[in-house]
Amino acid sequence: MTLALLWWTMPATFWEKRCTLRRTSTYSGIIPVVAQQLHRENIERVVKEALHVSGVSVRELAAIATTVKPGLALSLGVGLQYSLNLVKEHRKPFIPIHHMEAHALTVRLTHPVEFPFLVLLLSGGHCILAVAQGVSDFLLLGQSLDIAPGDMLDKVARRLSLRKHVECHSMAGGKAIEHLAQSGNRHQHTFRLPMQQYRNCDFSFSGLQCLVNKAIIQKEKEEGIQEGEILSCVKDIAAAVQHAVAVHIIQRTYRAMLFCTKNSILSSKNATLVVSGGVASNQYIRKGLQTLADVNDFAFLCPPPRLCTDNGVMIAWNGIERLRAGLGVLHSTDGVRYEPKAPLGIDISKRVEEDSIKVPKLKKKIRWLAS
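Given the structure is predicted, the values throughout are model-derived calculations rather than measurements.

Quick notes on the rules
Residues numbered from 1 in each chain as written. Predicted model: local features only at pLDDT ≥ 70, side-chain atom pairs only at ≥ 80, totals over all residues. Heavy atoms only, no water. Helix = DSSP H or I, 4+ residues; strand = E, 2+ residues; numbered from the N terminus. Buried < 20%, exposed > 50% of the residue type's maximum accessible area, 1.4 Å probe, protein only. Contact = heavy atoms within 4.5 Å. Areas by Shrake-Rupley, 256 points an atom, 1.4 Å probe, with all protein chains shown as cover. Pairing = 2+ DSSP bridges. Axes fitted to C-alpha atoms, helices over the stretch in contact; angles between N-to-C directions. Phe/Tyr/Trp six-rings, centres within 6.5 Å; stacked < 30°, edge-to-face > 60°. Expected span 1.5 Å × (residues − 1). Polar contact = N/O pair within 3.5 Å; in protein donor to acceptor, adjacent residues only side chain to side chain.

Examining the overall build of the protein
Inference 1: From N to C terminus, the protein includes 16 helices and nine strands.
Inference 2: Per-residue burial over the protein gives 53% buried out of 371 residues.
Inference 3: Long-range contacts, defined as pairs at least 24 residues apart, comprise 76% of the intrachain contacts of the protein with a sequence gap of at least 6.
Inference 4: For the protein, the accessible surface area stands at approximately 17300 Å², while carbon and sulfur atoms represent 51% of it.

Structure, rendered in structure tokens:
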């Protein structure tokens with residue numbers, strides 16, 4: 001059974017990265033109207049290429065799956081309209097896809113994991129802890145209250161002018177931070193962790209970003225340089241920032257584990273932690289989460305890096321999962337709309353907060369954090 005993939009949320013598509021590479025230094029990020037135009041210019045060609053490479057025709061497709069939420073409105077609109085035209089022309093079932101559900105289920109393409117499992121979604125646009133109970137059945141435990149970790153790391157990289165760094169000029173922001181952190185000393189800088197007084201599973205990264213910016217300004221004054229020049233201690237700052245982000249994520253995930261086992265949402269004997277999304281490709285953060293899982297007797301699963309970042313395969317796989325389960329397969333597309341903002345599953349974050357679970361000192365439980 002073959003499933004067509006049509007997915008156009010930013011910044012996922014390979015042609016967009018190819019076409020905007022020359023624009024990156026100018027815009028320093030994604031410009032929605034530029035993304036929309038690139039989608040319009042390339043969508044027809046990319047679909048034809050995908051069909052050609054796969055060796056199938058539109059007639060042979062079982063269904064057409066497309067991201068409809070959440071994402072950049074202008075890009076979602078282009079992809080949805082193109083998909084609906086295909087659906088109408090070829091009379092194919094349509095499967096609307098939730099971007100974060102797709103990230104959560106990608107692991108089932110590469111590993112034989114059964115429901116339920118704890119899933120942590122880390123990306124440039126999201127930071128979510130949830131329990132996947134079924135293909136379209138999620139319990140939301142917590143999420144970022146402001147910006148996502150990938151967004152924060154990108155902004156710090158921009159503030160540090162890492163595109164001017166000889167080792168990082170061709171790297172994305174988060175990747176540049178990870179690269180420099182490998183040879184940096186995180187102990188040279190200490191950043192106060194967010195939300196320590198709140199016993200929930202929510203995240204916050206904007207306050208941490210402000211603290212980092214203040215530290216950068218102070219170091220620029222000490223070294224007598226202007227904004228835009230490279231600090232001599234840039235590697236140490238990168239290491240400290242990456243560590244703070246990792247510990248914050250680990251702390252909230254630890255509480256989610258304890259909550260799920262305490263309330264029998266997950267079995268204490270064969271529980272699984274799945275981590276996906278672009279930031280899951282960060283090896284330092286992944287190592288910390290792997291250690292956390294080991295300490296708590298959770299299996300740890302993560303899709304390969306190429307499937308962690310936004311990609312078309314995960315949308316197709318989500319479509320297959322829904323097709324097999326008979327969930328959300330539409331034979332009429334009347335009323336189908338894209339949704340730039342959309343929650344994932346049933347929000348039980350208040351229950352988590354009411355339980356007020358205290359997380360043990362991480363340095364005692366996870367030696368990696370004390371090194």
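There's more to say after this.
Side note on the sheet that holds strand β7 (residues 272–276)
Each strand in a sheet pairs with its neighbour through backbone hydrogen bonds, running either in the same direction (parallel) or in the opposite one (antiparallel).
Inference 1: Spatial ordering of the open sheet is given by β8-β7-β4-β5-β6-β9, a layout of six strands whose pairing is mixed. The outermost strands of the open sheet, each flanked by one partner alone, are β8 (299–301) and β9 (346–347).
Inference 2: With six bridges joining them, strand β5 (residues 127–134) and strand β6 (residues 137–143) adopt antiparallel strand pairing. Of the residues in β6, the one forming a bridge with G134 is D137.
Inference 3: Here helix α10 (residues 234–262) sits on the sheet in contact with β4 (117–122), β5, β6 and β7, set at roughly 160 degrees to β4.

Remarks on helix α7 (residues 149–159)
Inference 1: Restricting attention to buried positions, one finds in α7 the residues P149, G150, M152, L153, V156, A157 and R159.
Inference 2: Packed against the buried residues of α7 are β4, β5, α8 (173–181), α9 (206–223) and α10.

Looking at the side chain of R159
Inference 1: Its place among the elements puts R159 in helix α7.
Inference 2: You can call R159 buried: its relative accessible area is 15%.

Some points on the environment of L61
Inference 1: Its place among the elements puts L61 in the loop between α3 (32–54) and β2 (64–69).
Inference 2: For L61, a relative accessible area of 7% gives the class buried.
Inference 3: The spacing of L61 and K92 is 31 residues in sequence and 7.7 Å in space, taken between C-alpha atoms.

Concerning the packing of aromatic side chains
Inference 1: This structure, assessed with the given rule, holds two aromatic pairs.
Inference 2: Aromatic pair F115 and F117: ring centres 5.6 Å apart, planes at 15 degrees, arrangement stacked.
Inference 3: Take F115: its relative accessible area is 23%, and that puts it in the partly exposed class.
Inference 4: Judged by its relative accessible area of 0%, F117 is buried.
Inference 5: Judged by centre distance (6.3 Å) and plane angle (10 degrees), the ring pair of F203 and F205 falls under stacked. When sorted by exposure, F203 lands in the same class as F205, which is buried.

A few points about the side chain of H243
Inference 1: As for its placement among the helices and strands, H243 is situated in helix α10.
Inference 2: Its relative accessible area of 12% is what places H243 among the buried residues.

Some points on helix α11 (residues 283–295)
In an α-helix, one turn spans 3.6 residues; hence positions three or four apart end up facing the same way.
Inference 1: For α11, with 13 residues, the first-to-last C-alpha span of 18 Å sits near the 18 Å given by 1.5 Å per residue.
Inference 2: Turning to α11, its buried residues are I285, R286, G288, L289, T291, L292 and A293.
Inference 3: The backbone nitrogen of Y284 lies 3.0 Å from a side-chain oxygen of the residue at the head of α11, namely N282.
Inference 4: Phi turns positive, to about 60 degrees, at D297, one or two residues after α11.

Examining the pairing of β4
Inference 1: Within β4, six of the six residues are buried, which leaves it mostly tucked inside the rest of the structure.
Inference 2: Burial along β4 is two-sided: F117, V119 and L121 facing one way and L118, L120 and L122 facing the other are all buried.
Inference 3: Of the strand pairs in this sheet, β4 and β5 are connected by six bridges, and their pairing is antiparallel. Residue pairing for β5: L121 is matched across the bridge by I128.
Inference 4: Two elements, β4 and β7, share four bridges in a ladder whose sense is parallel. Bridge assignment links L118 to a residue of β7, and that residue is L273.

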